[in-house]
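Inside the fold
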Amino acid sequence: MSSRALPVASHRLRPPAGQRGIVLVIALIVMVALSLAGIALMRSVETSTAVVGNLAFTQASALPANLAVEEAVAALYENDLITNVNQDLPAQNYYATRQNGEDSRGIPDVLTTKTKASSLARVLNAGYDNEVRYVIERMCAPGVPATPSRADLVKYCDMLPPKPSGTTTMETDKIELPRIPLYRLTVRVDGPRNTVSFLQAMLR
C-alpha cells in the first residue's frame, strides 16, 4: 500500500501596505486649530481685563478732580489769589473770558491733549500716577471791557440769578441776591494706563 504525501498549502505573506500619513495631517490641523483657539481666548481675557481696569481708573479719577475744585474755590473766593477777575491770570490757570476753540463737549482747547495741557502753570499731583490740570473761565464773551460796568456784565456775561440759600414759612418778600458772572471749571485728569477723564463744574 503506497502512501501519498498530502500537499501542503502555502500562504504567501503580503507586505504591509505603506501608511499614507492622512491621520498625521489631520492631527496636526487639529493641534493648530486648538492653538489658535487658545491664543484667541487669552487675548479676549487680556482685553476684558484691560477694559475693566481702565473703567476702574476712570471712575477713580473723580476723587482727584475734587482737588481742582478746592483749588479753584480757594483762588476765587477764599484766598483772593485772583485779585482782578477782569484780567487773565496764567499763574492760576484763570481766564477772564470764555476761551475760543473748545470742542463739542465744551472742553477748552488747551485741555484737549496732554501736550497742550502741559503748558498750564498749575498742575496737581494727586498720587497713584494721577495728574490734575484745570482751567477757570469766567463765562463772559470776548469783547467785555477791561473794567466792565454793571450793564457790560449783563450784556457780555452769563449771570443767571442764584437761588436763595433758604426760605421761611412766614417770608413774604424774597431777597433778590445780586447777579454775578458764572465761572466754569474744566478739569483734566491723566491717570494710569493712559486713561483721561474730564469733569466740569460751574462756580458762583
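Residues numbered from 1 in each chain as written. Predicted model: local features only at pLDDT ≥ 70, side-chain atom pairs only at ≥ 80, totals over all residues. Heavy atoms only, no water.

The helix and strand tally for the chain stands at 4 helices and 5 strands. Helices (α) and strands (β) of the chain occur, in sequence order from the N terminus, as α-α-β-α-β-β-α-β-β. Per-residue burial for the chain yields a buried fraction of 27% across its 204 residues. Considering only contacts in the chain between residues 6 or more positions apart, those separated by 24 or more positions represent 60%. (Helix = DSSP H or I, 4+ residues; strand = E, 2+ residues; numbered from the N terminus. Buried < 20%, exposed > 50% of the residue type's maximum accessible area, 1.4 Å probe, protein only. Contact = heavy atoms within 4.5 Å.)

Now for helix α2 (residues 62–78). The end-to-end C-alpha distance of α2 is 23 Å, a good match for the 24 Å that 17 residues give at a rise of 1.5 Å each. Listed in full, the buried residues belonging to α2 are Pro64, Ala65, Ala68, Ala72, Ala74, Ala75 and Leu76. (Expected span 1.5 Å × (residues − 1).)

So, about the pattern of salt bridges. Taken as a whole and assessed by the stated rule, the structure comprises 9 salt bridges. Between Lys116 and Asp109 there is a salt bridge, with the nearest N and O atoms lying 3.0 Å from each other. Put simply, Glu137 and Arg184 hold a salt bridge, and the shortest N to O gap is 2.8 Å. Residue Glu137 is located in strand β3 (residues 130–138), and its partner Arg184 is located in strand β4 (residues 183–190); the two are separated by 47 residues in the primary sequence. Given the relative accessible area of 6%, Arg184 is considered buried. (Salt bridge = Lys/Arg side-chain N within 4 Å of Asp/Glu carboxyl O.)

Next up on the list: the environment of Arg138. On the secondary structure map, Arg138 appears in strand β3. The contact partners of Arg138, leaving out residues within four places of it in the chain, are Val85, Asn86, Tyr94, Tyr95, Ala96, Thr97, Arg98, Val144, Leu153, Pro181, Leu182 and Tyr183. Polar contacts involving the side chain of Arg138 include one to the main-chain carbonyl oxygen of Ala96, which spans 2.9 Å. (Polar contact = N/O pair within 3.5 Å; in protein donor to acceptor, adjacent residues only side chain to side chain.)

Before going further, it helps to spend a moment on a nonpolar patch on the surface. Judged by side-chain polarity, Ile22, Ile26, Val30 and Leu34 come together as a nonpolar surface patch covering roughly 390 Å² of accessible area. By the element assignment, Ile22 lies in helix α1 (residues 22–60). (Patch = residues over 30% accessible without salt bridge, like charges linked within 9 Å, V, L, I, M, F, W, Y side chains within 5 Å. Areas by Shrake-Rupley, 256 points an atom, 1.4 Å probe, with all protein chains shown as cover.)

Counted according to the given criterion, the structure contains 1 disulfide. Residue pairing for Cys140: its cysteine sulfur links by disulfide to Cys157, the two sulfurs lying 1.9 Å apart. Disulfide Cys140 to Cys157: torsion about the S-S bond roughly 105 degrees, handedness right-handed. With Cys140 in the loop between β3 and α4 (150–156) and Cys157 in the loop between α4 and β4, this residue pair connects regions lying 17 residues apart in the sequence. (Disulfide = S-S within 2.5 Å.)

Before going further, it helps to examine the packing of aromatic side chains. All chains considered together, the criterion is met by 1 aromatic pair. Both rings, one in Tyr94 and one in Tyr183, keep their centres 6.3 Å apart while their planes meet at 45 degrees; by these two values the pair is tilted. Residue Tyr94 is located in strand β1 (residues 94–95), and its partner Tyr183 is located in strand β4; the two are separated by 89 residues in the primary sequence. Each member of the pair Tyr94 and Tyr183 is classed as buried. (Phe/Tyr/Trp six-rings, centres within 6.5 Å; stacked < 30°, edge-to-face > 60°.)

As a further point, take the nonpolar core. Membership of the largest hydrophobic core comes to 17 residues, with the highest contact counts inside it found for Leu76, Tyr94, Tyr134, Ile136, Leu185 and Val187. If you tally residues by element for this core, the top one is α2, at 5 residues. Other than its neighbours up to four places away in sequence, Ile136 contacts Ala72, Leu76, Ile82, Gln92, Asn93, Tyr94, Tyr95, Tyr183, Arg184 and Leu185. (Core = buried A, V, L, I, M, F, W, Y, C linked by side-chain atoms within 4.5 Å.)

Our next topic: the pairing of strand β5 (residues 196–203). In summary, the side chains of a regular strand alternate between the two faces of the sheet. By the bridge criterion, 8 bridges tie β4 to β5 in an arrangement that is antiparallel. Bridging from a neighbouring strand, Arg184 pairs with Met202 of β5. The turn joining β4 and β5, which pair antiparallel and follow one another in sequence, is formed by 5 residues; a positive phi near 55 degrees is taken by Arg193. (Pairing = 2+ DSSP bridges.)

When you tally the buried positions in β3, you get 8 out of 9 residues, the bulk of the element. Sheet topology places β1 next to β3; 2 bridges connect them, and they run parallel. Of the residues in β3, the one forming a bridge with Tyr95 is Glu137. Two elements, strand β2 (residues 123–127) and β3, share 4 bridges in a ladder whose sense is antiparallel. Looking at the pairing, Val123 lines up with Arg133 of β3. In textbook terms, the turn of a hairpin is the stretch between consecutive antiparallel strands, and for β2 and β3 this stretch comprises 2 residues, one of which, Tyr128, has a positive phi near 55 degrees. Pairing between β3 and β4: 8 bridges, direction antiparallel. The residue bridging Val135 from the neighbouring strand is Thr186, located in β4.

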